[in-house]
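A closer look at the structure
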Amino acid sequence: MQLTRRRALIGGDTLASFACGTHAGADPLHVAVTKGPGCECCDGWAKHLRANGYSVSVTESDELDSVKEKLGIPADLRTCHTGQLGSYLLEGHVPAAAIAYLLSEKPEGLTGLAVPGMPVGAPGMEVKGAQPQEYAVILFGAAGRKEWAKFKGLNRIT
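These remarks concern the structure in this document.

A few points about the sheet that holds strand 4 (residues 88-92)
Whenever strands of a sheet pair, they do so through backbone hydrogen bonds, lying parallel or antiparallel. Spatially, 8 strands are ordered 2-1-3-4-5-6-7-8 in an open sheet, and the strand pairing comes out mixed. The open sheet has two edge strands with one neighbour each: strand 2 (55-60) and strand 8 (155-156). As paired strands, strand 6 (residues 134-141) and strand 7 (residues 144-152) are joined by 8 bridges and run antiparallel to one another. Paired with Y135 across the bridge in strand 7 is F151.

Here you go:
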């Protein structure tokens, strides 16, 4: 078989995907969202992620608490939906900018980001005519937890 530029490029992509720990066809920017039935703000968050380059699948579950329990999401950080991005967990209305930080920095011992509560102005929680609230994005995992940043709407303020 003759090695063509196309075959070399395809082979390079395959090798790169194995080197990155993925397999051919895997989407490293795929967020699997589990949410309560009929929750529209969760759909708004999924739309925000898609607008920022993530592929998203959404599953509705009446057993959301047991899903969160199995994943190890701390009870005081739990909200109306959970996202899984590879080995990372995303709880609540986490802005895409914070997810990009998590993926680029890969903080040791911290496996997720959470936005506790449902702050007005967070992705999926926009309310026409209402001023966005300030809210914290929390890093959490085996190493504990810490506030990573504060946002107001989609804007990072600290």
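Section: the nonpolar core
V31, W45, Y54, L90, I99, L113 and V137 are the most contacted members of the largest nonpolar core, which totals 30 residues. For this core, the secondary-structure elements that each account for two or more residues are strand 1 (30-35), helix 2 (40-51), strand 4, helix 4 (96-105), strand 5 (112-115), strand 6 and strand 7. With 5 residues, the single largest contributor to this core is helix 2. Residues within four places of I99 in sequence aside, it is in contact with W45, L49, Y54, L85, L90, V94 and L113. The next biggest cluster of nonpolar side chains, apart from the first, holds 7 residues, and it includes I73, L89, A136 and I138.

Conventions and cut-offs
Residues numbered from 1 in each chain as written. Predicted model: local features only at pLDDT ≥ 70, side-chain atom pairs only at ≥ 80, totals over all residues. Heavy atoms only, no water. Pairing = 2+ DSSP bridges. Helix = DSSP H or I, 4+ residues; strand = E, 2+ residues; numbered from the N terminus. Core = buried A, V, L, I, M, F, W, Y, C linked by side-chain atoms within 4.5 Å. Buried < 20%, exposed > 50% of the residue type's maximum accessible area, 1.4 Å probe, protein only. Contact = heavy atoms within 4.5 Å.

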